Amino acid sequence: MTSTARSCLAIVLAAGEGTRMKSDKPKVLHQVANRSMVGHVLAVLTEAGATKTAVVIGPGREDVEKEARKSLPNVRIFVQRERLGTAHAVLSAREVLAEKPDDVIIAFGDTPLVRTETFAKLRAPLAGGAAVVVMAFEPKDPSGYGRLITADGQLLAIREHKDATETERSITLCNGGLMAIQGDLAMTLLDKVGNDNAKGEYYLTDIVEIARELGHRTAIAVVPEEEVHGVNDRAQLADAERMIQKRLRSAAMAAGATLVAPETVFLSYDTSLGQDVIVEPHVVFGPGVTVEPGAVIHSFSHLEGARIASGAGIGPFARLRPGAAIGPKAKVGNFVEIKNTDLGAGAKVSHLTYLGDASVGAEANIGAGTITCNYDGYNKYRTEIGEGAFVGSNSSLVAPVIIGDGAFVGSGSVITESVPADALALGRGRQVVKEGWAVEFRAKAKAAKGK
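Residues numbered from 1 in each chain as written. Predicted model: local features only at pLDDT ≥ 70, side-chain atom pairs only at ≥ 80, totals over all residues. Heavy atoms only, no water.

> Which parts of the structure should I look at to understand the overall build of the protein?
Looking only at helices and strands, one finds 10 helices and 33 strands in the protein. Radius of gyration (C-alpha) of the protein: 29 Å, far over the 22 Å computed for a compact globule of 451 residues. Counting only residues that meet the buried cut, the protein has 49% of its 451 residues in that class. In the protein, of all internal contacts separated by at least 6 residues, the share reaching a separation of at least 24 is 43%. (Helix = DSSP H or I, 4+ residues; strand = E, 2+ residues; numbered from the N terminus. Rg over C-alpha atoms; globule rule 2.2 N^0.38 Å. Buried < 20%, exposed > 50% of the residue type's maximum accessible area, 1.4 Å probe, protein only. Contact = heavy atoms within 4.5 Å.)

> Help me understand helix α9 (residues 234-254), please; the structure alone is not making it clear to me.
Helix length check: α9 (21 residues) gives 30 Å between terminal C-alpha atoms against 30 Å at 1.5 Å per residue, within 8%. Looking only at α9, the buried set comprises L237, A240, M243, I244, Q245, R247, L248, R249 and A252. Where the residues of α9 are buried, they touch β2 (31-32), α1 (37-47), β12 (258-259) and β13 (272-273). Measuring from the side-chain oxygen of the N-cap residue of α9 to the backbone nitrogen of A235 gives 3.2 Å; that N-cap residue is D233. In the segment just after α9, G256 is the residue with positive phi, at about 110°. (Expected span 1.5 Å × (residues − 1). Polar contact = N/O pair within 3.5 Å; in protein donor to acceptor, adjacent residues only side chain to side chain.)

> Mind showing me how you'd approach the pattern of salt bridges here?
Two side chains with opposite charge may pair up if their charged atoms get near one another. For the structure on display, the rule yields 23 salt bridges. R6 serves as the salt-bridge partner of D103, at 2.6 Å between the closest nitrogen and oxygen. Of the two residues, D103 sits in strand β6 (residues 103-108) while R6 sits in the segment before β1 (8-14), which places them 97 residues apart along the sequence. Overall, R6 belongs to the buried group, its relative accessible area being 11%. Between R169 and E166 there is a salt bridge, with the nearest N and O atoms lying 3.8 Å from each other. Taken together, the residues span about one helical turn, with R169 and E166 both in helix α6 (residues 166-169) at a distance of three residues. Accessibility expressed as a relative area gives 62% for E166, which makes it exposed. Overlapping salt bridges bring together E17, R61, D63 and R83 as one network. (Salt bridge = Lys/Arg side-chain N within 4 Å of Asp/Glu carboxyl O.)

> Sorry, what's going on with helix α7 (residues 183-191) here?
It helps to recall that an α-helix has 3.6 residues per turn; residues three or four apart then point in one direction. For α7, the set of buried residues is G183, L185, A186, M187, L189 and L190. On its buried face, α7 sits against α3 (86-91), α4 (94-97), β6, β7 (132-137), β10 (174-182) and α8 (207-213).

> Would you mind showing me how to read unusual backbone geometry here?
Negative phi characterises most residues that are not glycine, and trans characterises most peptide bonds. Along the chain, G315 connects to P316 via a cis peptide bond; the corresponding omega equals 10°. Of note, P316 is situated in the loop between β20 (313-314) and β21 (319-320). In this model, A399 is joined to P400 through a cis peptide bond whose omega is 0°. Checked against the element boundaries, P400 lands in the loop between β29 (396-398) and β30 (401-403). For N34, which is not glycine, the phi torsion reads 65° and is therefore positive. Following the sequence through the fold, N34 ends up in the loop between β2 and β3 (35-36). The phi dihedral of F317 is positive, around 55°, even though this residue is not glycine. Tracing the sequence through the fold places F317 in the loop between β20 and β21.

> I keep staring at the side chain of K339 and nothing clicks. Help me out?
Counting through the fold element by element, K339 comes out in strand β23 (residues 331-343). When its relative accessible area of 8% is taken as the criterion, K339 is described as buried. Separated by 2.7 Å, the side chains of K339 and D357 make a polar contact. Not counting residues within four places of it along the chain, the set of residues in contact with K339 comprises R321, P322, Y354, L355, G356, D357, N374 and K380.

> Would you mind going over the environment of Q245 with me for this structure?
One can find Q245 in helix α9. As for Q245 and S268, which are separated by 23 residues in sequence, their C-alpha atoms are 8.2 Å apart. With sequence-adjacent residues up to four places away left out, Q245 is seen in contact with A33, V265, F266 and L267.

In structure tokens form, the structure reads like this:
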């Protein structure tokens, strides 16, 4: 039976507090490429064919449970009440282990760089009869890592650094932490783990020797050092970000996008750049951005939750917030902010403008300094600007309001009423002051909110 045809339980250990992070937030919730570390692990395990996934968390860590369920709604959650070692943590998920899947993968919530194909590589020897498979790597500096003791190409044992002899510490092949175990043997092996070691903990690594004592075969899967990079402090978090950004940039360029200065562009885990997209230096992509073929993102722009159609130009110094949808060949220029707005094909917003909760028709032109006044302190309202409309500079469009197709708004206008198609609106009136109006307005707004 191939590994892809076998059932697979993945157990993700995520109970560590991560005290070296110096954070109120659990370590596994810290992000790389705008996704939590545990989110990365769960996503890759799913892609690798895990048929069931469990996450082991610490007591009172509802925040980790929430994030795990956000990433994988059907995940099983188990709590490790006492921190007595990695084998003890795995046994916190005894209930699902008892179901005896074909394969069991043990992963870590703070190791976000393992690739999908690596999990497949880890599982493959199980289909060939191995009882335990250990992820192995050769670090530049093996200090602190458990050593893999082998003979005649066979894995005999894993010795933790603190428990290793000087001879064993000279070994360069090290334990990468992740393991795969035959499902019908997992409980037997784990229950035999003792705590006679320097830390008095139940080490998961001991199952290698236990398996061999029971006459089973063990194996290793060697991977690049980068993939086993764990995060224990902020410096290691920064290293993980650097490595994942390198991957994302390489993938984007291999798919046909041009990154003029790749090291200055920061991508999210889900950034999608189409063929012949050009990204100039110093651009930041938040989550949820799709850029269709042929669009250009100019320098110093920040995009999040936005979709940019083919041939559009963004920036420099533009900010696209969630819900921004930029049409084909539209232009968003410097110091323009757009949120929850559809910008039609060929429309131009060239500079110094805010558009929020709006729709702008094709070929419309929005002058410099224009803003949609969409928020009254309690509620948000929409502005609709028709096709071919022209809004003069320094205009304020007080929503809800409609500017008809082909209409003109004179520069410096404050528009509070809808403008018919092909009309000219000049909103330059005398200032009016109504004393006490704000008190009454706030009272009404709060009463409406309470309904």
